[in-house]
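Given next are the chains, with one letter for each unit.
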Amino acid sequence: MPMSRRNFVRSVVASGITLSFTRLAGAAPLDFDTRETMPGRGSWNPAIHAAGRIDGVAKVTGAKLYASDFRAGDMPGWPSKTAHALMLRAADATHVFRGLDLSALGGALAPTALVTAADVARIGVRVPAFYEGDLFCPVDTTPLYLGQPLALLVFADFDLFDQARMALRDAAFAKFGEETAPVETPGYGAFRFTRVGGPTPEAPDVVSPVKDGWVSPGKFETAPNGKRPIWARLPIPTGQDYARVAAIGEQIRADLATHDPAVLVLDREFRTQSVDPMFLEPESALAWYDAGRETLELVLGVQSPYEAADSVAFMLGAADQAVRPKRIAMHFASCGGGFGGRDHTPFPLYAALAAMFVPDRPVRLANTRFDQFQSGVKRHAFAMRTQIGVERATGKIVAFAADHALDGGGLANFSANVATVGANAALGIYYAPKADITTYAFHSRGVTAGSMRGYGTVQTMTALETLVDEICATLPLDPIAFRRRNALATGGKTLAGNAYIVSVRTPEILDKLEAHPIWRDRADARAGAPAGVLVGTGVACAAKDYGSGADCSLGSVAIDARGMISIACDSVEMGNGIGTAAANRVAAHLGRIADEVATARIDAFDPLGLVTSSDPYRISQEMQDAAQQNPRWVPAISSASTASIGAHVGTHAAAEAARIVFRYGLWPAALDLWRVPKSDPLAGAWRQALWKDGELVMPGLAPLALADLAARAHAQNGVTAAMTHGFNRWAWSSAAFRVDDEEAWSADIDALAVRRGSGDFVRLDRSAVAFPPTDYNRIGTSYASLCGALVRVEVERATGAIRIARAYSVLECGRALAPEIVIGQAQGGFAMGVGYALLESLPPYEGGPGDGTWNLGRYLVARASDLPLHALEVEVLAPVEPDERPKGMAEVVMIPVVPALLNAIFDATGCRFRSLPVTQAMLADAIRTGAPR
């Protein structure tokens with residue numbers, strides 16, 4: 001089967017270019033892997049005694065870890081001097097671009113190199129499909145979007161760069177001609193999700209995405225932002241699959257419009273705003289093209305290292321011979337935050353281009369905060385209409401319909417995916433027997449929107465949970481009782497028509513919310529409010545999927561003869577604590593925290609010899625069945641660190657590798673030390689062994705220290721290291737491997753290599769491989785975690801000033817691998833939710849971030865004074881069973897905070913707000929006029 005563009009591994013040629021990867025370590029003569037491996041052998045490791053993070057010491061002591069920390073002089077073997085690149089971007093997307101005026105850069109300030117659309121066309125640069133659109137705006141065309149790059153300027157040193165930047169700061173460097181309409185392009189995606197359940201919960205659905213496939217309309221009509229879908233069924237012979245689903249969906253809507261007195265129907269519109277991820281470290285990269293070696297090296301901090309390497313290789317793979325490297329070496333540093341904004345970012349493409357145009361000179365391209373606002377990926381602004389019907393007698397939801405429109409900005413990015421994820425989440429924690437959701441993402445001249453924390457669900461579930469609160473006030477019903485009555489039950493079908501395959505703990509979450517003093521004492525709090533202060537309490541609950549439907553895990557675990565443990569995985573450290581989580585998950589199998597953990601190591605798994613082909617989302621079952629006959633084939637090799645997959649996916653392969661090292665290395669060593677023969681039934685009781693204080697214990701046998709076990713495993717030439725790969729399409733791949741002569745090892749992995757003693761890794765062929773069926777691509781999600789939030793607010797009647805007096809967040813995430821980090825994620829999610837609900841907003845077009853003038857002086861984020869620092873309680877439910885697998889939770893902890901705040905505001909003021917953010921001025925005006933918003 002032919003290799004696709006996205007399919008390569010280290011030392012395999014992509015687009016005629018050999019790729020290699022390293023995990024960047026830090027500035028010093030030490031090699032990269034040694035410096036970036038945390039905490040470093042011999043270094044103090046607070047995580048060993050559960051006192052902190054694997055990477056905590058390096059971060060708090062200021063070690064060079066992030067891409068923005070590095071200059072050429074920090075890189076062993078590089079020239080010592082760093083050139084600096086400056087990106088010029090369009091602040092106008094309604095006039096024809098006529099070229100540059102760089103007269104402000106006269107004399108010594110002239111750039112060493114100037115890269116424009118004409119230059120990249122001249123050398124044969126290709127644009128990767130994901131980033132379709134001009135890398136630079138060509139002269140005599142209207143910019144595709146605000147913030148589109150116009151040119152890249154390279155300066156020999158920082159002083160010249162800094163002077164040039166200041167000279168251009170207020171200069172009109174872009175010349176524009178006649179006014180035009182904004183550029184129109186096709187929309188990014190349109191989908192309809194319709195489900196009608198059978199007569200009983202167990203009966204087959206009448207229609208559902210899982211049963212009938214995903215459908216999209218084929219006809220469009222003119223709208224203010226290009227073309228919008230025609231959702232109604234049309235009297236034409238084509239598109240019958242869509243027509244059938246559309247007819248059922250329209251009937252659901254017609255039923256909601258019948259004005260049945262027995263059914264309460266609410267029909268509301270809700271709008272959310274564009275916001276910035278605001279990660280701590282703006283995007284930065286360092287690049288060097290060594291013309292003599294024909295090698296391009298890059299230092300990057302991205303959430304998707306495999307994709308970044310692939311995209312750079314494709315971009316340059318057909319370029320003129322003089323500017324086409326034979327080899328690209330990628331060094332991946334830690335990310336100073338991500339929130340999705342570093343997932344599939346075009347930034348590495350521009351860093352690579354800068355280096356190719358100044359060969360033999362290392363170049364640094366780094367965004368300022370102004371640049372990051374102007375160019376960085378944003379959260380989508382949504383316009384939503386939601387209809388919900390509730391039977392008055394029973395308080396049960398009988399039907400649901402919604403329409404979503406997403407502003408995707410200038411480039412497609414993940415807009416289509418965000419639309420589908422948001423739509424599949426539109427029912428939140430609830431069950432409805434009939435549901436119809438349409439969603440489409442359109443192009444606009446705004447800054448590109450894409451992958452950001454929440455991924456469409458915080459928008460749709462905010463609209464839902466505020467509407468649920470309104471239903472409860474209208475009927476009236478107790479808000480928690482209503483949620484309990486309508487919650488999706490274990491085994492119940494989601495909007496897509498499948499059931500979750502993980503625990504669904506909504507009743508426990510609701511019980512916790514109901515029993516908490518914030519909720520229980522809400523009437524007393526309102527009655528005791530000081531004069532001039534309005535007090536309200538709000539509740540909300542959310543379920544958020546984790547995973548993307550094509551997730552990969554690469555991991556290896558090794559133990560030396562002294563008992564020192566090292567871990568490598570392909571997941572990215574971006575503040576999420578993935579290294580600590582992996583170390584803790586492995587410790588459950590090997591008895592102690594690892595001495596070394598290396599993340600973003602997509603270079604470390606050559607022995608597996610993996611190959612891939614096609615697109616895991618689009619491959620047919622027939623193609624997959626044929627491809628998997630190759631024992632090295634997998635649907636995908638490595639995926640981005642996104643979609644809350646860190647604990648669930650990012651640690652999976654390392655945990656599986658640790659199980660193998662224990663079973664085929666440490667356990668045989670233990671039997672030998674205990675003098676238990678293989679014929680003894682005890683020899684097969686390895687699952688009963690436990691670790692206690694670093695020793696392996698079995699009833700009636702002497703405890704064994706890890707160091708002694710490791711030494712004996714090496715002496716016996718047992719398995720002392722393993723590396724594995726796993727693929728997840730809403731279920732894990734599985735296979736069997738012959739590790740020894742006694743039995744086949746079956747596990748949720750599809751590739752395995754082992755090392756015996758101190759030898760080399762040897763790949764083992766698999767048997768009985770089972771990849772998740774390709775029909776699973778119809779599933780919206782099979783994994784979800786839940787979170788509920790209570791918020792009490794105090795609003796000054798005279799000014800509209802709001803204070804969050806108390807808050808409570810309760811969540812479940814399976815086994816919490818690093819409990820303190822889970823708490824920290826919940827606290828950070830609460831703060832982000834507050835900012836989204838009350839403070840943050842970016843104008844979408846003119847006057848917005850695309851004009852390059854936005855910074856934190858204009859953009860408000862939640863500060864300490866906006867948060868209940870000492871009155872926020874976070875509770876994490878214990879796993880349903882001790883060995884429950886970890887669940888992703890980084891996004892769900894933010895989502896219910898937003899509607900809980902809006903519901904609390906209504907409880908305090910009697911005013912409902914149906915757009916974000918709810919500012920102090922809006923509150924003051926609503927209180928004064930008593931008008932719902």
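These figures come from a predicted structure and were not determined experimentally.

Trainee: Would you mind going over empty space enclosed by the protein in detail, with residue names and values included?
Mentor: Here the structure, examined in full by the defined rule, presents ten cavities of 30 Å³ or more. For the largest cavity, the calculated volume is near 270 Å³. Forming the walls of the largest cavity are 22 residues, and the residues nearest its centre are Tyr 145, Pro 346, Tyr 350, Ser 375 and Leu 411. Of the residues that constitute the lining of the largest cavity, the class distribution is eleven nonpolar, eight polar and three charged. Together, 23 residues line the second largest cavity, and Asn 424, Ala 425, Gly 428, Tyr 500 and Thr 781 are the ones closest to its centre.

Trainee: Break down the sheet that holds strand β29 (residues 745–747) for me, with residues and values.
Mentor: Across the sheet, which stays open at both edges, the three strands sit in the order β29-β28-β32 with antiparallel pairing between neighbours. What marks the edges here is a single partner per strand, and that holds for β29 and β32 (766–770). Pairwise comparison of adjacent strand axes, ignoring direction, gives a mean angle of 15 degrees for this sheet. Pairing geometry for strand β28 (residues 734–737) and β29, over three bridges, is antiparallel. Bridge assignment links Phe 737 to a residue of β29, and that residue is Trp 745.

Trainee: Give a description of the domain arrangement of the protein that names residues and reports values.
Mentor: If you check the domain split of the protein, you get domain 1 (18–22 + 64–89 + 94–181 + 283–366) and domain 2 (551–728 + 734–770). Domain 1 and domain 2 are separated by 39 Å when their C-alpha centres are compared. Each partner contributes to the interface: domain 1 provides 14 residues, whereas domain 2 provides twelve residues. Regarding the contact of domain 1 and domain 2, the summed buried area is about 1100 Å², with carbon and sulfur atoms giving 64% of it. For the pair domain 1 and domain 2, the interface holds three residue pairs in polar contact (both at pLDDT 80 or more). Taken together, the residues that form the side of domain 1 that touches domain 2 break down as six nonpolar, seven polar and one charged.

Trainee: Pulling in residues and values, what's your account of the packing of aromatic side chains?
Mentor: Overall, the coordinates contain 21 aromatic pairs when judged by the stated rule. Note on Phe 130 and Tyr 131: the rings are 5.0 Å apart at their centroids and 80 degrees apart in plane angle, and the pair reads as edge-to-face. Residue classification places Phe 130 among the buried positions, given a relative accessible area of 16%. Through pairs of rings, three or more aromatic residues link up here, namely Phe 130, Tyr 131, Phe 414 and Tyr 455. The lysine or arginine in question, Arg 342, covers the ring of Phe 279, its NZ or CZ lying 4.2 Å from the ring centre. Above the face of the Tyr 836 ring, Arg 379 is positioned so that its terminal group lies 4.5 Å from the ring centre.

Trainee: Describe the layout of surface pockets, listing the residues and the values that go with them.
Mentor: Of the volumes computed, that of the second largest pocket is approximately 900 Å³. Lining the second largest pocket are 45 residues, with Arg 271, Phe 382, Ala 383, Ala 405 and Phe 442 sitting closest to its centre. Those elements that provide at least two residues to the lining of the second largest pocket are β10 (220–223), β11 (226–229), β12 (263–271), β17 (381–391), β18 (396–407) and β19 (434–442). Here the residues of the lining of the second largest pocket are counted per class, giving 23 nonpolar, twelve polar and ten charged.

Trainee: Talk me through the pattern of salt bridges; I want residue IDs and the actual numbers.
Mentor: Tallying each qualifying case throughout the model produces 53 salt bridges. The partner of Lys 59 in a salt bridge is Asp 55, with the nearest N and O atoms 2.9 Å apart. Lys 59 sits in the partly exposed class, given a relative accessible area of 24%. On the accessibility criterion, Asp 55 (6% relative accessible area) is buried. When the shortest N-O distance is used, the salt bridge between Arg 592 and Asp 595 registers 2.7 Å. For Asp 595, a relative accessible area of 9% translates into the label buried. Through salt bridges with shared partners, one network takes in Arg 192, Glu 250, Arg 253, Asp 403 and Asp 436.

Trainee: Give a description of the state of the cysteines that names residues and reports values.
Mentor: This structure, assessed with the given rule, holds zero disulfides. Of all cysteine sulfurs, the one in Cys 787 lies closest to Cys 541, which takes part in no disulfide; the gap is 7.4 Å. Judged by its relative accessible area of 1%, Cys 541 falls in the buried class. With no disulfide of its own, Cys 911 lies 19 Å from the sulfur of Cys 472, the closest cysteine sulfur. Judged by its relative accessible area of 1%, Cys 911 is buried.

Trainee: Break down the nonpolar core for me, citing the residues and quoting the values.
Mentor: Phe 136, Leu 296 and Trp 667 are the most contacted members of the largest nonpolar core, which totals 183 residues. With 13 residues, the single largest contributor to this core is helix α19 (residues 652–674). Formed jointly, this core draws a minimum of three residues from each of two domains, domain 1 (18–22 + 64–89 + 94–181 + 283–366) and domain 2 (551–728 + 734–770). Dropping the residues within four chain positions of it, Phe 136 is found in contact with Met 87, Val 115, Thr 116, Ala 117, Val 120, Gln 148, Pro 149, Leu 150, Ala 151, Leu 152, Tyr 350 and Leu 353. Counting 40 residues, the second-largest nonpolar core is a separate cluster that includes Ala 432, Cys 472, Leu 513 and Val 810.

Trainee: Go over the environment of Leu 923 with me, naming the residues and quoting the values.
Mentor: Checked against the element boundaries, Leu 923 lands in helix α23 (residues 920–929). Between the C-alpha atom of Leu 923 and that of Glu 796, which follows or precedes it by 127 residues, the distance is 9.3 Å. Beyond its immediate chain neighbours, meaning those up to four positions away, Leu 923 contacts Gly 800, Ile 802, Ile 905, Thr 909, Phe 913 and Val 918.

Trainee: Describe unusual backbone geometry, and please don't skip the residues or the numbers.
Mentor: Cis geometry is adopted by the peptide bond preceding Pro 476, which originates at Leu 475 and carries an omega value of -10 degrees. Locating Pro 476 in the fold gives a position in the loop between α11 (457–474) and α12 (479–486). Residue Pro 917 is bonded to the preceding Leu 916 through a cis peptide linkage, with omega at -5 degrees. Note on placement: Pro 917 falls in the loop between α22 (897–909) and α23. The phi torsion at Asp 360 lies on the positive side, around 75 degrees, for a residue other than glycine. Tracing the backbone shows Asp 360 in the loop between α8 (347–356) and β16 (363–366). One non-glycine residue, Trp 730, lies in positive phi territory at about 60 degrees. Mapped onto the secondary structure, Trp 730 falls in the loop between β27 (719–728) and β28. Its relative accessible area of 6% is what places Trp 730 among the buried residues.

The rules behind each value
Residues numbered from 1 in each chain as written. Predicted model: local features only at pLDDT ≥ 70, side-chain atom pairs only at ≥ 80, totals over all residues. Heavy atoms only, no water. 1 Å grid on protein atoms, 1.4 Å probe; cavity = no way out; pocket = protein on both sides within 12 Å on 5 of 7 lines; lining within 4 Å. Points joined across faces, edges and corners; volume = space filled by probe spheres on them. Nonpolar A, V, L, I, M, F, W, Y, C, P; charged D, E, K, R; others polar. Pairing = 2+ DSSP bridges. Helix = DSSP H or I, 4+ residues; strand = E, 2+ residues; numbered from the N terminus. Axes fitted to C-alpha atoms, helices over the stretch in contact; angles between N-to-C directions. Domains from an automatic or database assignment. Contact = heavy atoms within 4.5 Å. Buried area = accessible area lost by both parts, 1.4 Å probe. Polar contact = N/O pair within 3.5 Å; in protein donor to acceptor, adjacent residues only side chain to side chain. Phe/Tyr/Trp six-rings, centres within 6.5 Å; stacked < 30°, edge-to-face > 60°. Buried < 20%, exposed > 50% of the residue type's maximum accessible area, 1.4 Å probe, protein only. Lys NZ or Arg CZ within 6 Å of the ring centre and 35° of its normal. Salt bridge = Lys/Arg side-chain N within 4 Å of Asp/Glu carboxyl O. Disulfide = S-S within 2.5 Å. Core = buried A, V, L, I, M, F, W, Y, C linked by side-chain atoms within 4.5 Å.

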